[in-house]
Amino acid sequence: MLEYKVDDKALDAQRFIELAQQVWPGDYDPEKTRRALERTINITAWDGTELVGCLRILTDGCFFGTIPEVLVLPRYQRQGIGSALLRLAKQTTPTLLYFGAQPQAEPFYEKNGCTPSLRAFEMRPEE
């Protein structure tokens, strides 16, 4: 039976990185990941002691919020975990949430009551 935790303060960077590497492989710095997790509302899905899903909310608490990622282990996808994480995010967030989506994921978000909104841009910091 899956267990969901809202604002999971016990989520550590290594477990998050292990999940992220299986869903969205990348070069994750453990210290930066730890700091990022401290700054977000982390909603997690656990199968026993295994982290199988995570949604993070980054918000100023008043006007703006975003979902940096929704991650579900591939072998757990299409079982309602991502939808449950989104429902918990909607119940938890203090603000409207804006977020980007990969084109192949748009039907999933629309099925879960999300509507297309602002077009996104990115700005990288100067080096």
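Just so we're clear, the structure is a prediction, and the values are computed from it rather than from any experiment. (Residues numbered from 1 in each chain as written. Predicted model: local features only at pLDDT ≥ 70, side-chain atom pairs only at ≥ 80, totals over all residues. Heavy atoms only, no water.)

What follows is about helix α3 (residues 81-92). With 12 residues, α3 extends 16 Å between its outermost C-alpha atoms, agreeing within 8% with the 16 Å of an ideal straight helix rising 1.5 Å per residue. Within α3 the residues assigned to the buried category are Ile81, Gly82, Ser83, Ala84, Leu85, Leu86, Leu88 and Ala89. On its buried face, α3 sits against β1 (2-5), β2 (41-47), β3 (50-59), β4 (65-72), β5 (97-98) and α4 (106-111). (Helix = DSSP H or I, 4+ residues; strand = E, 2+ residues; numbered from the N terminus. Expected span 1.5 Å × (residues − 1). Buried < 20%, exposed > 50% of the residue type's maximum accessible area, 1.4 Å probe, protein only. Contact = heavy atoms within 4.5 Å.)

Let us look at the pairing of β4. The sheet contact formed by β3 and β4 spans 6 bridges and is antiparallel. For cysteine 54, the partnering residue across the bridge sits in β4 and is leucine 71. Linking β3 back to β4 in an antiparallel pair, the connection comprises 5 residues, with glycine 61 at a positive phi of about 85°. Relative to β5, β4 runs parallel, the two being bridged by 2 bridges. Paired with glycine 65 across the bridge in β5 is leucine 97. Crossover handedness for the path β4 to α3 to β5: right-handed. (Pairing = 2+ DSSP bridges. Right-handed = clockwise from strand over helix to strand, strands pointing away.)

According to the stated counting rule, one finds 0 disulfides in the structure shown. We note that cysteine 114 lacks a disulfide partner, and the nearest cysteine sulfur, in cysteine 54, lies 16 Å from it. For cysteine 114, a relative accessible area of 22% gives the class partly exposed. (Disulfide = S-S within 2.5 Å.)

Attention now goes to the pattern of salt bridges. One pass over the structure, following the stated rule, counts 7 salt bridges. Where lysine 9 meets aspartate 7, a salt bridge forms, and the shortest distance between an N and an O atom there is 3.4 Å. When the shortest N-O distance is used, the salt bridge between glutamate 69 and arginine 56 registers 2.2 Å. Separated by 13 residues along the polypeptide, glutamate 69 in strand β4 and arginine 56 in strand β3 bring together distant segments of the chain. Look at glutamate 69 and you get partly exposed, because its relative accessible area is 21%. Its relative accessible area of 10% is what places arginine 56 among the buried residues. (Salt bridge = Lys/Arg side-chain N within 4 Å of Asp/Glu carboxyl O.)

The next thing to look at is the sheet that holds β4. For sheets, the rule is that strands pair by backbone hydrogen bonds, running either parallel or antiparallel. The mixed open sheet is built from 5 strands, whose spatial order is β1-β2-β3-β4-β5. Single-partner strands in this sheet number two, and they are β1 and β5. Here β1 pairs with β2 via 4 bridges, running antiparallel. What sits directly across from lysine 5, in β2, is threonine 44. Each of β2, β3 and β4 touches helix α1 (residues 13-23); the most contacted strand, β3, lies at about 95° to it. Here α3 sits on the sheet in contact with β1, β2, β3, β4 and β5, set at roughly 145° to β2. (Axes fitted to C-alpha atoms, helices over the stretch in contact; angles between N-to-C directions.)

Our focus in this paragraph is the environment of arginine 34. Note on placement: arginine 34 falls in helix α2 (residues 30-38). According to the relative accessible area criterion, arginine 34 is partly exposed, its value standing at 34%. Arginine 34 sits 20 residues away from glutamine 14 along the chain, and the two C-alpha atoms are 8.4 Å apart.

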